[in-house]
Amino acid sequence: MDAPVVAVLSLKGGVGKTTVTLGLASAARHESRRVLVVDLDPQGNATAGLNLAESPAFTTSDVLYDGRTGVGLEAITSTGWGSLVDAIPAERALEHRAVPSGTDPVRRLQRALHGAADRYDMILLDCPPSLGELTRNALFAATQAVVVTEPSYFAVQGAAAAVEAVEVAGREGNSALRVTAIVPNRARLRLSEHQYRLAELHAAFGDTVTEPVSERTAIQQAQGAGVPIHDWKSSGARSAARTFDDLLGRVADISGQAMAQDIAAQEDS
Ligand SMILES: Nc1ncnc2c1ncn2[C@@H]1O[C@H](COP(=O)(O)OP(=O)(O)OP(=O)(O)O)[C@@H](O)[C@H]1O
Ligand SMILES: [Mg+2]
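Values in this document were obtained by computation on a predicted structure and should not be read as measured data.

Colleague: Quick rundown of the sheet that holds strand β5 (residues 122-126)? Include the residues and the values.
Modeller: What the 8 strands build is an open sheet, ordered β3-β4-β2-β5-β1-β6-β7-β8; its pairing is mixed. Two strands close off the open sheet at either side, each with one partner strand: β3 (77-79) and β8 (213-214). Pairing geometry for strand β2 (residues 35-39) and β5, over 5 bridges, is parallel. Bridging from a neighbouring strand, Val-38 pairs with Leu-125 of β5. Here helix α6 (residues 133-141) sits on the sheet and contacts β1 (5-9), β5 and β6 (144-149); the angle it forms with β1, its principal contact strand, is near 150 degrees. On top of the sheet, helix α10 (residues 235-251) reaches β5, β6, β7 (178-187) and β8; it is set at about 165 degrees to β7, its chief contact.

This is the structure we're talking about:
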């Protein structure tokens, strides 16, 4: 079975897309799953967090510009997170290099990633902070969308705009795409304001809203050190890691999928 391709997006910048992408990659690695992180943000934060050994030869910018079927496989590089986690890194040039027009410009990423789903258990697409062309490319390549938001006044509105972008991609051709999780990040549950905003999100989106990711210093420390949150030694890191484990189970049922493969393999032998 092909790996789930998970686009992590939000309407606003700085709400935690990269944090959720890296958290999911860390959780999958912890379960010995193979993950490909595609950094679609010219800021390259996911690329930095994955602690690449050397500066990359090819980036998502090159991949989108080239646009040949399967060309993304040539841009895959190993990361400092070990053999299970690879990346297609980003660079600043992505910002200036608008995705070329031509036939079906929103499907360039999907075409470029052709064949990648056979090689990994999950593919994560870290989107830039807008619902522009790069995010639209992610939504055409993805099988699932994870919307990240913060428990703030604009949370419901922001999540609704992201969900709408997913629905548009659905109507325009990627009919299999689903929003599998709306993740409230940087929650401080002691604050009544945050509890109120979380209740609002639940009222608007029901069970699609996951357990919130708490505000934790360990998340910033691990990111700064380029280390998976599961390898960071503190009680805050352990707690954050558990939240990402739950989220992994929710957004990409790769354990169930792997089990199905194991059963098939046993039946074959
Ligand atoms: N749960 C959290 N606890 C503590 N710090 C967090 C948490 N989530 C995110 N941060 C910090 O907030 C900043 C923004 O987070 P992040 O980079 O994940 O957001 P983003 O949505 O990817 O941003 P951008 O839109 O710029 O890509 C980072 O410095 C990150 O370490
Ligand atoms: Mg980011």
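Colleague: An account of the pairing of β7 is requested, with residue identities and associated values reported.
Modeller: Relative to β7, β6 runs parallel, the two sharing 6 bridges. Bridge pairing links Thr-149 to Pro-184 in β7. Regarding the hand of the β-α-β motif, the stretch spanning β6, helix α7 (residues 155-171) and β7 is right-handed. Two strands pair when backbone bridges link them, and β7 and β8 are joined in this way by 2 bridges, in the parallel orientation. By the bridge assignment, Asn-185 is partnered in β8 with Val-213.

Colleague: Give me the site of ligand 1: which residues, what numbers.
Modeller: Among the 19 residues in the neighbourhood of ligand 1, the closest are listed as Lys-17, Thr-19, Arg-186, Gln-220 and Gln-223. At 2.8 Å from an oxygen atom of ligand 1 is found a main-chain nitrogen or oxygen belonging to Thr-18. In this structure, a nitrogen atom belonging to ligand 1 sits 2.9 Å away from a main-chain N or O atom of Ser-214. When isolated, ligand 1 has an accessible area of 620 Å², and the protein chains bury 86% of it. Of all the elements in the fold, those that place two or more residues in the shell around ligand 1 are α1 (17-30), β7, β8 and α9 (217-225). Its residues assigned to classes, the shell around ligand 1 comprises 4 nonpolar, 10 polar and 5 charged.

Colleague: Any chance you could break down the nonpolar core for me, citing the residues and the numbers?
Modeller: Within the largest apolar cluster, 42 residues are counted, with the highest numbers of intra-cluster contacts made by Leu-9, Val-38, Leu-109, Ile-123, Leu-125 and Leu-139. For this core, the element with the most residues is α7, which contributes 7 residues. Beyond its immediate sequence surroundings of up to four residues, Leu-139 is in contact with Ala-7, Leu-9, Ala-145, Ala-165, Val-166, Ala-169, Asn-174 and Leu-177. Formed by 36 residues, the second largest nonpolar core is a distinct cluster that contains Val-6, Ala-46, Leu-52 and Val-146.

Colleague: An account of α7 is requested, with residue identities and associated values reported.
Modeller: Its 17 residues give α7 an end-to-end C-alpha distance of 24 Å, which sits within 8% of 24 Å, the value for a rise of 1.5 Å per residue. Every buried residue of α7 is accounted for by Ala-155, Gly-158, Ala-159, Ala-162, Val-163, Ala-165, Val-166, Val-168 and Ala-169. Contacts made by the buried residues of α7 are with β1, α6, β6, β7 and α8 (192-205). The first or second residue beyond α7 is Gly-173, which carries a positive phi of 145 degrees.

Colleague: Residues and numbers for the packing of α6 against α7, please.
Modeller: Viewed as axis vectors pointing N to C, α6 and α7 meet at an angle of 60 degrees, and their least axial separation amounts to 9 Å. Between α6 and α7, the interaxial angle falls into the category oblique. When the axes of α6 and α7 are compared, the crossing they make is right-handed. Residues Arg-136, Leu-139 and Phe-140 of α6 lie in contact with α7, whose contacting residues are Ala-165, Val-166, Val-168 and Ala-169.

Conventions used here
- Residues numbered from 1 in each chain as written.
- Chains lettered and ligands numbered in written order.
- Predicted model: local features only at pLDDT ≥ 70, side-chain atom pairs only at ≥ 80, totals over all residues.
- Heavy atoms only, no water.
- Pairing = 2+ DSSP bridges.
- Helix = DSSP H or I, 4+ residues; strand = E, 2+ residues; numbered from the N terminus.
- Contact = heavy atoms within 4.5 Å.
- Axes fitted to C-alpha atoms, helices over the stretch in contact; angles between N-to-C directions.
- Right-handed = clockwise from strand over helix to strand, strands pointing away.
- Near = heavy atom within 4 Å.
- Polar contact = N/O pair within 3.5 Å; in protein donor to acceptor, adjacent residues only side chain to side chain.
- Areas by Shrake-Rupley, 256 points an atom, 1.4 Å probe, with all protein chains shown as cover.
- Nonpolar A, V, L, I, M, F, W, Y, C, P; charged D, E, K, R; others polar.
- Core = buried A, V, L, I, M, F, W, Y, C linked by side-chain atoms within 4.5 Å.
- Buried < 20%, exposed > 50% of the residue type's maximum accessible area, 1.4 Å probe, protein only.
- Expected span 1.5 Å × (residues − 1).
- Parallel < 35°, antiparallel > 145°, perpendicular 65-115°, else oblique.
- Left-handed = near helix turned anticlockwise from the far one by under 90°.

In short, geometric facts, not functional conclusions.
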